[in-house]
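Next come the chains, spelled out residue by residue.
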Amino acid sequence: MIYSKEVENMCVVAKGPNHGPAPIPKDISGYTHGIGWCAPQQGACKLSLNVKDGVIQEALVETIGCTGMTHSAAMASEILPGKTILEALNTDLVCDAINTAMRELFLQIVYGRTQSAFSEGGLVIGAGLEDLGKGLRSQTGTLYGTVAKGTRYLELTEGYITKQFLDKDNQVCGYEYVHLGKMMEAIKNGMDANEAVKQFTGSYGRTTAEQGIVKAIDPRKE
């Protein structure tokens, strides 16, 4: 160990009581989620962890931003389960946004702030899948707008938007969507793709001429 001349010339003062850090509790059980972001702030991660007795038993990694984040998330979903929350904090989870999310969750968990703080033993393993709902797709919203042309609905929680309905003032008053998760599940189980699209198409708001609709537009083309 190298010391400066000033430190070498100092006399020794004995250390008093040793108030060391409290150990990370091994009995933490809770389900929690939080958000992280990457250094260039071009992407974000929502990370959900189910911890039992201090060990991560379930991890849900959802990302939005650059294309590489999705592959980083794939690796993080393998890395996280089985690690203690301290081990996970000190592990490279490949993507800045996922690492930042893990840091924020670590802070929540060690201070006892989880979504299941008042549930003895936490939540069942599989609670993360319940966050995704039927079709196991993230709850995402993709909306785009310009001053010149106004808003375009591309994807909402109901699904992929196929039509926007406009009233006499050219204001959005409804939309048509396809629930992609349910549709792909049906196709996987043998349903004809065209039939699946029809079956899992729905609408919200005012969608007919009787309700004041003047026109419908394809938000991706018109």
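A. Geometry of the layout of surface pockets. Computed from the structure, the largest pocket encloses a volume of approximately 300 Å³. Contributing to the lining of the largest pocket are 15 residues, with K46, E62, S138, Q139 and T140 lying nearest its centre. Those elements giving two or more residues to the lining of the largest pocket turn out to be strand 2 (44-52), strand 3 (55-64) and helix 5 (127-132). Ranked by residue count, the leading element in the lining of the largest pocket is strand 3, at four residues. Tallied by class, the residues present in the lining of the largest pocket amount to five nonpolar, six polar and four charged.

B. Expanded view of the side chain of E58. One can find E58 in strand 3. At 7.6 Å, K52 is the nearest oppositely charged side chain to E58, a buried residue that forms no salt bridge. Polar side-chain contacts of E58 include one of 3.4 Å to the backbone nitrogen of A127. Beyond its immediate sequence surroundings of up to four residues, E58 is in contact with Y31, S48, L49, N50, V124, I125, G126, A127, G128 and L129.

C. Spatial organisation of the side chain of R152. Looking at where R152 falls in the secondary structure, it is placed in strand 5 (residues 150-156). There is no salt bridge for the buried R152, and the closest opposite charge comes from D218, which lies 8.0 Å off by N-O distance. Within polar-contact distance, the side chain of R152 engages the backbone oxygen of E222 at 2.9 Å. Not counting residues up to four positions away in its chain, the partners in contact with R152 are T142, L143, Y144, Q164, I217, P219 and E222.

Thresholds, definitions, all that
Residues numbered from 1 in each chain as written. Predicted model: local features only at pLDDT ≥ 70, side-chain atom pairs only at ≥ 80, totals over all residues. Heavy atoms only, no water. 1 Å grid on protein atoms, 1.4 Å probe; cavity = no way out; pocket = protein on both sides within 12 Å on 5 of 7 lines; lining within 4 Å. Points joined across faces, edges and corners; volume = space filled by probe spheres on them. Helix = DSSP H or I, 4+ residues; strand = E, 2+ residues; numbered from the N terminus. Nonpolar A, V, L, I, M, F, W, Y, C, P; charged D, E, K, R; others polar. Buried < 20%, exposed > 50% of the residue type's maximum accessible area, 1.4 Å probe, protein only. Lys, Arg positive; Asp, Glu negative; His and termini not counted. Salt bridge = Lys/Arg side-chain N within 4 Å of Asp/Glu carboxyl O. Polar contact = N/O pair within 3.5 Å; in protein donor to acceptor, adjacent residues only side chain to side chain. Contact = heavy atoms within 4.5 Å.

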